[in-house]
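# Overview (structure and organization)
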Amino acid sequence: MGDKKKMTIPDFQKYKDEGRKFCYVTAYDYTTASIVDDSDVEVILVGDSLSMIMLGNTTTVGVTLDDMIHHIKPVVKGAPNTFVIGDMPFGSYNVSKEQAIQSANRILMETNCDCVKLEGGVNMAPTIEAMVKAGIPVMGHIGLTPQTATNVGGFKVQGGTPESARQLIEDAKALERAGVFALVLECTPSVVAEQMAKEVHVPILGIGAGPAVDCQVLVTQDLLDMYGDFKPKFVKHFAHIRKEMVDGLNLFHKETLDGTFPDRDHSFNKKVEIPPAKD
Ligand code: KIV
């Protein structure tokens, strides 16, 4: 705590070149961001997963650009020493290059976050190239791309056949040529990530992509065992905060009912002479 130095965009490549691993997690609010800021984790994503984790929707489609900006702002305030990525929601970049640049400009200018991230491979490379030429720092996201997961039958491992594995690596190469400074690779066999790492130079940030990548990504509510709806195979629980919270709430409830809360230490004990009522 206190001596954390904020990562910069060039650091992503530097860390990779030096073989130095790092971590990235999600946050959607000020308090969580400030907790991550107190930790050793280097990067925060304000992901569109907020649609599911925070808003209770069944997919990530359904959050708007305004919603994202609303959540990215407090995260940036809460984590001054952590690199913050603003996720671009579905519908904010798929109309045209101009729309993508305008949406990214809004995210960067209204929230002061450090870069934007968007989903898509070869198909999005021309858009990403235009954004990078416009001066926007872009992180790519390939593999399982939740915004379009319905097209592939839901949240499934990607790159599981020789052809789809090759396509995924070609996606990564297209994004690298387009100018991304790093890319998220989600939910793919470890061997595909390993081969990709041999064919692209930019850092690969893996979520469910095995150990051969440069950075491990997890949703905070997953890794701390807070989100109860489902647990993907790649999620490991590093703490059990949901149980801690339920236990704390139950203790508050019990002490309220049995009268042990509030005690003198948690009450204002100043003597006040209250005059009798006038009538
Ligand atoms: O929105 C999100 O949380 C993400 C991660 C899964 C990388 O995009």
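The structure contained in this document is the topic of the report that follows. Predicted, not measured: the structure shown is a model, and the values here were computed from it.

### Observations regarding the site of the ligand
In the vicinity of the ligand, the contacting residues are Thr26, Leu45, Gly47, Asp48, Ser49, Asp87, Lys117, His141, Glu186, Ile207 and Val219. Between Asp48 and the ligand, the recorded distance is 3.0 Å, taken from a side-chain N or O atom to an oxygen atom. Ser49 places a side-chain nitrogen or oxygen 2.5 Å from an oxygen atom of the ligand. The protein chains hide 96% of the 260 Å² of surface that the ligand would expose on its own. Looking at side-chain class alone, the shell around the ligand contains three nonpolar, four polar and four charged residues.

### Some details on the nonpolar core
Note on soluble globular proteins: their nonpolar side chains tend to be buried together. If you look at the biggest cluster of nonpolar residues, it comprises 59 residues, and the most contacted ones within it are Val116, Met131, Leu183, Leu185 and Met196. Looking at which element gives the most residues to this core, the answer is helix H7 (residues 162-178), with seven residues. Aside from chain neighbours lying at most four places away, what touches Leu185 is Ile142, Gly143, Leu168, Ala193, Met196, Ile204, Leu205, Gly206, Ile207 and Ala209. Of all hydrophobic cores here, the second largest spans 18 residues; its members include Tyr15, Tyr24, Ala182 and Cys215.

### Describing H7
Spanning 17 residues, H7 covers 24 Å between terminal C-alpha atoms, matching the ideal 24 Å at 1.5 Å per step. Residues of H7 that are buried in the fold lie against helix H6 (125-133), strand E5 (138-143), strand E6 (182-186) and helix H8 (190-199). A positive backbone phi angle near 115 degrees is found at Gly179, which sits one or two residues after H7.

### Quick notes on the sheet that holds strand E3 (residues 83-87)
Working definition: the strands of a sheet are paired by backbone hydrogen bonds and lie parallel or antiparallel to each other. With respect to topology, eight strands assemble into a closed barrel ordered E1-E2-E3-E4-E5-E6-E7-E8, the strand pairing being parallel. This sheet shows a mean twist of 25 degrees between the axes of neighbouring strands, independent of strand direction. Across four bridges, the pairing between strand E4 (residues 115-119) and E5 is parallel. Across the sheet, the residue bridging to Val116 is Val138, located in E5.

What counts, and at which threshold
- Residues numbered from 1 in each chain as written.
- Predicted model: local features only at pLDDT ≥ 70, side-chain atom pairs only at ≥ 80, totals over all residues.
- Heavy atoms only, no water.
- Near = heavy atom within 4 Å.
- Polar contact = N/O pair within 3.5 Å; in protein donor to acceptor, adjacent residues only side chain to side chain.
- Areas by Shrake-Rupley, 256 points an atom, 1.4 Å probe, with all protein chains shown as cover.
- Nonpolar A, V, L, I, M, F, W, Y, C, P; charged D, E, K, R; others polar.
- Core = buried A, V, L, I, M, F, W, Y, C linked by side-chain atoms within 4.5 Å.
- Buried < 20%, exposed > 50% of the residue type's maximum accessible area, 1.4 Å probe, protein only.
- Helix = DSSP H or I, 4+ residues; strand = E, 2+ residues; numbered from the N terminus.
- Contact = heavy atoms within 4.5 Å.
- Expected span 1.5 Å × (residues − 1).
- Pairing = 2+ DSSP bridges.
- Axes fitted to C-alpha atoms, helices over the stretch in contact; angles between N-to-C directions.

This is a description of form; function is not addressed.
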